[in-house]
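A structural walkthrough
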Amino acid sequence: MTEREGLFLYPEIFFPFPGGKVRAFFTGKIPGVDREAVCRELEASPCKLFMPVQKHTSDVIVYEDCTDDEAAIPPPPEADAVITAKTGVALGIMVADCVPALLYDEKTGVIGAVHAGWRGTAKGILANTIEKMIAAFGSRSRDIRIAIGPAIRKCCYEVDLDVLKQIEASTGAGKNKKNMTGGIFLEHPVKGPKAYIDLPEANRQQAMACGVKAENIWLSGMCTSCLPEKFNSYRREFRLGSKAPGRQGGFIIRHS
Ligand SMILES: [Zn+2]
């Protein structure tokens, strides 16, 4: 792959920090999760990029056990979110329709990466990650900034009403009504008991129910299923007969 081929989407929410301490971006289908290209863009050398083995859980791990001895690094544990306060350690997750979210707390220096499909969203993985930052590092939700990357949205994501109910419950609807702006779903106009849900918006609301400020949450506004030139989409590609859709990712590192 030639130098910087492909799409790197930088959320403005992380730009205000002086000196560029944090580097964070979402990738498109190119470079996807190509480790070499991602590490080059992260300016991580040597490249300590940690990506958990994702299983649609609500498990969050604290990654503090990195070592310079590659042979001593244990195999990545299963989890769908990872946080660290270490500098020079990049965190990443891979997605194709699921929500990639990146987190940064300037006060404690903690960074995080989250993979939230509908199951993870329903189980509250983003809320769990925020709570873990608070419990493990003393973060305060009002200091946490979150970037929510390209994922499948309500233009394309048809689900059963049972899924809708679980997603709605996970947004804190009813608990913190003043934060709610609606908009996570559209009822299906024709087919009866179906709905279209907006996974990025559901995660935004879940974060707000945890006390994260609206102005500290960035949304890409992009739907992976609508943009085949830019993004892999599990739903779209599966429908077209692909058995193994590709992946893109979200990556973050704190350099100092
Ligand atoms: Zn769409």
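The following refers to the structure shown. Numbers given for residues are sequential positions, taken from 1 along each chain in its written order. Totals for whole chains, interfaces and linings use every residue, but because this is a predicted model, local features are given only for residues with pLDDT of at least 70 and side-chain atom pairs only at 80 or more, for both listing and counting. With hydrogens and water excluded, all non-hydrogen atoms of the structure serve as input to the side-chain values.

**Remarks on the overall build of the chain**
We count it as follows: Each helix is a run of H or I in the DSSP string that is no shorter than four residues. Each strand is a run of E no shorter than two, and both are numbered from the N terminus. The contact criterion used throughout is that any non-hydrogen atoms of two residues lie within 4.5 Å. Here, Shrake-Rupley sampling with a 1.4 Å probe gives the accessible areas, and only protein chains in the shown set may cover a residue.
Check the secondary structure of the chain and you find 6 helices and 14 strands. Sequence separation of at least 24 residues holds for 71% of the intrachain contacts in the chain that already meet a minimum separation of 6. In the structure as shown, the chain presents an accessible area of about 11,500 Å², 52% of it carried by carbon and sulfur atoms.

**Quick look at the coordination of the zinc ion**
For a metal with four tetrahedral donors the ideal donor-metal-donor angle is 109.5 degrees, whereas six octahedral donors ideally subtend 90 or 180 degrees. The condition that has to hold: Each metal site is built from N, O and S donor atoms within 2.8 Å (3.2 Å for Na, K and Ca), and since water is not included, such sites may look incomplete. When four donors show all angles between 85 and 135 degrees the site is tetrahedral, when four or six donors have opposite pairs over 155 degrees and all other angles between 65 and 115 it is square planar or octahedral respectively, and in every other case it is irregular. For every residue, the accessible area obtained with a 1.4 Å probe (protein chains only) is divided by the maximum for its type, and the residue is called buried under 20%, exposed over 50%, and partly exposed between those limits.
The coordination sphere of the zinc ion, as far as protein atoms go, consists of Cys155 (SG), Cys156 (SG), Cys223 (SG) and Cys226 (SG), spread over 2.3 Å. One can describe the site at the zinc ion as tetrahedral: its 4 donor atoms subtend angles covering 102 to 119 degrees at the metal. Between consecutive donors of the zinc ion, the numbers of intervening residues give the motif C-C-x66-C-x2-C. Note that Cys156 is positioned in the loop between strand E9 (144-148) and strand E10 (158-160) and Cys226 in the loop between strand E13 (217-219) and helix H6 (234-239), a separation of 70 residues in sequence. Of the residues examined, Cys156 reaches a relative accessible area of 23% and is grouped as partly exposed. Judged by relative accessible area, Cys226 falls into the partly exposed class, the value being 41%.

**Things to note about the sheet that holds strand E14 (residues 248-254)**
As a reminder, the rule being used: Strand pairing is defined by DSSP finding a minimum of two bridges between the two strands. With axes taken as lines fitted to C-alpha atoms, and helix axes fitted only over the stretch in contact, angles between N-to-C directions fall between 0 and 180 degrees.
Strands sit in the order E1-E2-E14-E6-E3 across an open sheet of 5 strands; the sheet is mixed. Every interior strand has two partners, whereas the edge strands, strand E1 (8-9) and strand E3 (49-50), have only one. Bridging between E1 and strand E2 (residues 22-27) involves 2 bridges; their strand directions are antiparallel. Opposite Phe8, over in E2, you have Thr27 as the bridge partner. Taken strand by strand, helix H1 (residues 35-42) contacts E1, E2, E3, strand E6 (90-95) and E14, and its axis lies near 145 degrees from that of E2.

**Some words on the state of the cysteines**
Under the convention used in this document: Pairs of cysteine sulfur atoms within 2.5 Å are identified as disulfides in what follows.
Taken as a whole and assessed by the stated rule, the structure comprises 1 disulfide. Each sulfur of the disulfide joining Cys39 and Cys47 lies 1.6 Å from the other. Between Cys39 and Cys47, the S-S dihedral sits near -50 degrees, and the bridge is therefore left-handed. Take Cys39: its relative accessible area is 8%, and that puts it in the buried class.

**Section: the pairing of strand E5 (residues 81-84)**
By the alternation rule, side chains of E5 split into Ala81 and Ile83 and Val82 and Thr84, which are all buried. As paired strands, strand E4 (residues 60-62) and E5 are joined by 3 bridges and run parallel to one another. Bridge pairing in E5 links Ile61 to Val82. Where E5 meets strand E8 (residues 111-116), 4 bridges bridge the pair, whose relative direction is antiparallel. Bridge pairing in E8 places Ile83 opposite Gly112.

**Thoughts on the side chain of Ser225**
Tracing the backbone through its elements, the reader meets Ser225 in the loop between E13 and H6. According to the relative accessible area criterion, Ser225 is buried, its value standing at 10%.

**A short note on the packing of aromatic side chains**
How we decide: Pairing of aromatic side chains requires ring centres within 6.5 Å, counting the rings of Phe and Tyr and the six-membered ring of Trp. Pairs whose planes differ by under 30 degrees are stacked, by over 60 edge-to-face, and all others tilted.
For the structure shown, the criterion picks out 7 aromatic pairs. Summarising the aromatic geometry, the rings of Phe25 and Phe251 are spaced 6.0 Å apart at their centres and angled 45 degrees between planes, so their arrangement reads as tilted. Here the residue Phe25 occupies a position in strand E2, and Phe251 occupies one in strand E14, the gap between them amounting to 226 residues. You'll find Phe25 and Phe251 in the same group, each marked buried. Plain terms: the ring middles of Phe26 and Trp218 are 6.1 Å apart, the flat faces sit at 5 degrees to each other, and that makes the pair stacked. One end of the pair, Phe26, is in strand E2; the other, Trp218, is in strand E13, and 192 residues separate them in sequence. Comparing Phe26 with Trp218, the two get one shared label, buried. Three or more aromatic residues joined by ring pairs make a cluster, and in this case those are Phe8, Tyr10, Phe25 and Phe251.

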